[in-house]
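# A look at the structure
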Amino acid sequence: MSKTLGFEELFSDILVESRIVMNESLLELIRGPVSLNDIFAKYSGEEFYKITSEWEEPGKGRFTAKIYRFNGRILAAIVEGDGSRVLGSNALELVLNRSMSIVRVYRIPLDLLKEIVGEERFNEIVSMRPEKTEAGGKAVEVEAKEETSTTISPQTVEAEAPTTGYETTPLEKPRLEAGRTVKPAVEKVSVEDLKREIARLIGDFGLEYLNIEVSETEEIVKVFVDLNPIPTWVSLRSILYSIVYKYVELRRKYPVMKLEIRLGDMHDSLLLTKPEEVMIAAVVGRIEYELVQNGIPVKDTTYTIDREKMTLTIIIKAKKPVYPGVKIEDVARKAYEEAKKEWSGELYIRIKTGRFGGVRIPK
């Protein structure tokens, strides 16, 4: 039975996983059928890789595998699905004995690996002799110096596809994981600046705050807002989503976020533990901010995401505008154009204003 180096619990930690997702870059999207052994043989040098794959099983749903690899060794293997998690050798057996249809390969900075496992363990892994890897059904000794190019471009991938036996899709558009790396840099923003921007946002909604608290570390952000209990048609959840949007706009970071808001005896909270959740909440927040600014009350928001096609569909249940002369379609179109700047894939908005009324952007 194939073994790992036993770092599964460490790499399952939400803070560790968040840091990895924030710093990884997508090298290759591979459409199969393909064997992970062939992928291991190709990506076996002195780089830190994350290899992911997904598949569905009838009656059980979707499964996701994450394999972390460095210096020809498998640091950790994690399979999640059907409400359970399989780790280590058992996880490897699940993925190595099947043919995968879609595999993604990410490269992660080595400095981050050293921070995660510690310098002593990092040096131990570096000194290990690379493990034998099955490639094309034959056992081969994988040396670090035999690594294929570590700076793969879409053109390189297309050229190599015929020799690997599987199809590779050029990365014409940043994926969800890579999209975070292409945002423009912003000037240094202090916690006090964040509080001022949140206060301004509250004012934009015609509300007053009693207290705003913001605490921030590299991995976790906590926000608490206590509002003056005056009558309002603005939902607390819309305010929370809008705060997420404002934070991402200022910081261009996607940490774990915990937000709470109180208005008299009403209370709402939002916990976002994955960068993907923060990114989607920021997109929703940008849309709802535009709607509320124009007097369109939001009752409920849901979304669906097709991760393979990177398609995000946001469905918003809204009431008729409280301001006369406001056209929901015009507001929705402006919100859509702004929200597209926060999403690297395809975006669709559906705003329902009754059983039959509503708009679709794009149509």
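In what follows, the structure referred to is the one given above.
As a starting point, this report considers the structure included with it.

Thresholds applied
- As a convention, each chain's residues are numbered from 1 in the sequence order in which they are written.
- Under the rules for a predicted model, residues below a pLDDT of 70 receive no local features and side-chain atom pairs below 80 are neither given nor counted, while totals for whole chains, interfaces and linings still include all residues.
- Water and hydrogen atoms play no part in the side-chain values, which are based on all heavy atoms of the structure.
- Only DSSP runs of H or I with at least four residues qualify as helices, and only runs of E with at least two residues qualify as strands; both kinds are numbered from the N terminus onward.
- Throughout this description, buried means an accessible area under 20% of the type-specific maximum (1.4 Å probe, protein chains only), exposed means over 50%, and partly exposed covers the range between.
- Any two residues whose heavy atoms approach within 4.5 Å are treated as being in contact.
- Each accessible area is a Shrake-Rupley estimate made with a 1.4 Å probe; only the visible protein chains count as cover when residues are assessed.
- Any two of the Phe, Tyr and Trp rings considered here, Trp counted by its six-membered ring, make a pair once their centres fall within 6.5 Å; the pair's planes then place it as stacked at under 30 degrees, edge-to-face at over 60, or tilted in between.
- Exposure above 30% relative accessible area and no salt bridge define the residues that can form patches, which grow by joining like charges within 9 Å and nonpolar side chains of Val, Leu, Ile, Met, Phe, Trp and Tyr within 5 Å.
- The rule for a salt bridge is simple: a side-chain nitrogen of Lys or Arg has to be within 4 Å of a carboxyl oxygen of Asp or Glu.
- Two N or O atoms count as a polar contact when they lie within 3.5 Å, although within protein this holds only if one can serve as hydrogen donor and the other as acceptor, and sequence-adjacent residues are included solely when both atoms are side-chain atoms.
- Note on pairing: two strands pair once DSSP finds at least 2 bridges between them.
- Geometry is summarised by axes, namely lines fitted to C-alpha atoms with helices restricted to the contacting stretch, and by angles between N-to-C directions that run from 0 to 180 degrees.
- Here, nonpolar core refers to any group of buried Ala, Val, Leu, Ile, Met, Phe, Trp, Tyr and Cys residues whose side-chain atoms link them within 4.5 Å.

The helix and strand inventory of the chain stands at twelve helices and 17 strands. Across the 363 residues of the chain, 48% fall into the buried class. Here the analysis covers contacts within the chain between residues at least 6 apart in sequence; of these, 66% occur between residues at least 24 apart. In the structure as shown, the chain presents an accessible area of about 17700 Å², 47% of it carried by carbon and sulfur atoms.

Turning next to the packing of aromatic side chains. A full pass over the atoms with the stated rule returns nine aromatic pairs. With 6.3 Å between their ring centres and 70° between their planes, F7 and F11 make a pair best called edge-to-face. Taken individually, F7 and F11 each receive the classification buried, so the pair is uniform in this respect. When the ring of F48 is compared with that of Y68, the centres are 6.4 Å apart and the planes differ by 40°; the resulting orientation is tilted.

This part covers a nonpolar patch on the surface. Judged by side-chain polarity, W233, V322 and Y323 come together as a nonpolar surface patch covering roughly 270 Å² of accessible area. Tracing the sequence through the fold places V322 in the loop between β15 (311-318) and α12 (328-339).

On the secondary structure map, E290 appears in helix α11 (residues 275-293). Polar side-chain contacts of E290 include one of 3.5 Å to the side chain of K334. Residue contacts for E290: discarding those within four places in its chain leaves V331, K334 and A335.

The class for E290 is buried, based on a relative accessible area of 6%. Separated by 46 residues in the primary sequence, E290 and Y336 place their C-alpha atoms 9.3 Å from one another.

Taken in spatial order, the four strands make up an open sheet running β14-β15-β16-β17, and their pairing is mixed. Of all the strands in the sheet, the pair left with one neighbour each is β14 (298-306) and β17 (358-361). Shown here is a sheet whose adjacent strand axes are inclined to one another by a mean of 10°, direction ignored. By the bridge criterion, eight bridges tie β14 to β15 in an arrangement that is antiparallel. Within β15, the residue paired with T304 across the bridge is T313. The strands that α11 touches are β14, β15 and β16 (346-352); relative to β15, the one it contacts most, it runs at about 40°.

Turning next to the nonpolar core. Counting residues in hydrophobic clusters, the biggest one holds 62 residues, and the most contacted among them are V225, L227, I239, V244, I287, W343 and I351. With eleven residues, the top contributor of residues to this core is α11. Judged by nonpolar contacts, the second largest core, of 23 residues, contains I39, Y49, A77 and L96.

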